[in-house]
Amino acid sequence: MKPGDKAKILKRTFLNQGIFVHTNSTVEILEINSEKIKTKYLDKEGFPHEIEFLPNELELLT
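Just so it is clear, the model here is predicted, and its values are computed rather than measured. (Residues numbered from 1 in each chain as written. Predicted model: local features only at pLDDT ≥ 70, side-chain atom pairs only at ≥ 80, totals over all residues. Heavy atoms only, no water.)

Participant: I'm lost on the overall build of the protein in this one. Help?
Facilitator: Of the regular secondary structure elements, the protein holds zero helices and seven strands. Secondary structure of the protein in N-to-C order comes out as β-β-β-β-β-β-β. Computed over the C-alpha atoms, the radius of gyration of the protein is 11 Å, within 12% of the 11 Å expected from 2.2 N^0.38 for a compact globule of 62 residues. With respect to the principal axes defined by its C-alpha atoms, the protein has extents near 25 × 20 × 20 Å. Each of the 62 residues in the protein was classed as buried or not, and the buried ones make up 29%. Intrachain contacts of the protein at a sequence separation of at least 6 include 36% that bridge at least 24 residues. Surface accessibility of the protein: about 4,400 Å² in total, with carbon and sulfur atoms responsible for 50%. Considering the protein, the positive charge centre built from 9 side chains and the negative charge centre built from 10 side chains are found 4 Å apart. (Helix = DSSP H or I, 4+ residues; strand = E, 2+ residues; numbered from the N terminus. Rg over C-alpha atoms; globule rule 2.2 N^0.38 Å. Buried < 20%, exposed > 50% of the residue type's maximum accessible area, 1.4 Å probe, protein only. Contact = heavy atoms within 4.5 Å. Areas by Shrake-Rupley, 256 points an atom, 1.4 Å probe, with all protein chains shown as cover. Lys, Arg positive; Asp, Glu negative; His and termini not counted. Charge placed at Lys NZ, Arg CZ, Asp CG, Glu CD.)

This is the structure in structure tokens:
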């Protein structure tokens, strides 16, 4: 994975700062650190949110 790639969320649906983040949603990779991956998630209204995931919670889309 590298910044700009798209990935699918494998983590079960969860609540993050008042919005539901759904399993199988697509996110854009913004930054990769040694422990976390920062992503941009668009909610159902199209507003962007930055959310961090563990590497095993995402699957790279080809």
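Participant: How should the pairing of strand E1 (residues 6-9) be read in this particular structure?
Facilitator: Walk down a regular strand and you will see the side chains alternate between the two sheet faces. Two elements, E1 and strand E4 (residues 26-32), share three bridges in a ladder whose sense is antiparallel. Its bridge partner lying in E4, lysine 8 is registered against threonine 26. Note: E1 against strand E7 (residues 58-60), three bridges, orientation antiparallel. Within E7, the position partnered with alanine 7 by the bridge is leucine 60. (Pairing = 2+ DSSP bridges.)

Participant: Explain the nonpolar core here, please?
Facilitator: Nonpolar side chains in soluble globular proteins tend to be buried together. Counting residues in hydrophobic clusters, the biggest one holds 12 residues: Ala7, Ile9, Phe14, Ile19, Val21, Val27, Ile29, Ile37, Tyr41, Ile51, Phe53 and Leu58. At the level of secondary structure, the elements contributing two or more residues to this core comprise E1, strand E3 (19-21), E4, strand E5 (37-42) and strand E6 (48-53). Once residues within four sequence positions are removed from consideration, isoleucine 51 is found in contact with Phe14, Asn16, Val21, Ile37, Lys38, Thr39 and Tyr41. (Core = buried A, V, L, I, M, F, W, Y, C linked by side-chain atoms within 4.5 Å.)

Participant: Please clarify how the packing of aromatic side chains should be interpreted in this entry.
Facilitator: Applying the stated criterion across every chain, the model contains one aromatic pair. Ring centres 6.1 Å apart and planes at 80° place the aromatic pair phenylalanine 14 and phenylalanine 53 in the edge-to-face group. With phenylalanine 14 in strand E2 (residues 14-16) and phenylalanine 53 in strand E6, the pair connects residues that are 39 residues apart, well separated along the chain. A relative accessible area of 1% means that phenylalanine 53 is categorised as buried. One Lys or Arg, lysine 11, reaches over the ring of phenylalanine 14 and ends 4.2 Å from the middle of that ring. (Phe/Tyr/Trp six-rings, centres within 6.5 Å; stacked < 30°, edge-to-face > 60°. Lys NZ or Arg CZ within 6 Å of the ring centre and 35° of its normal.)

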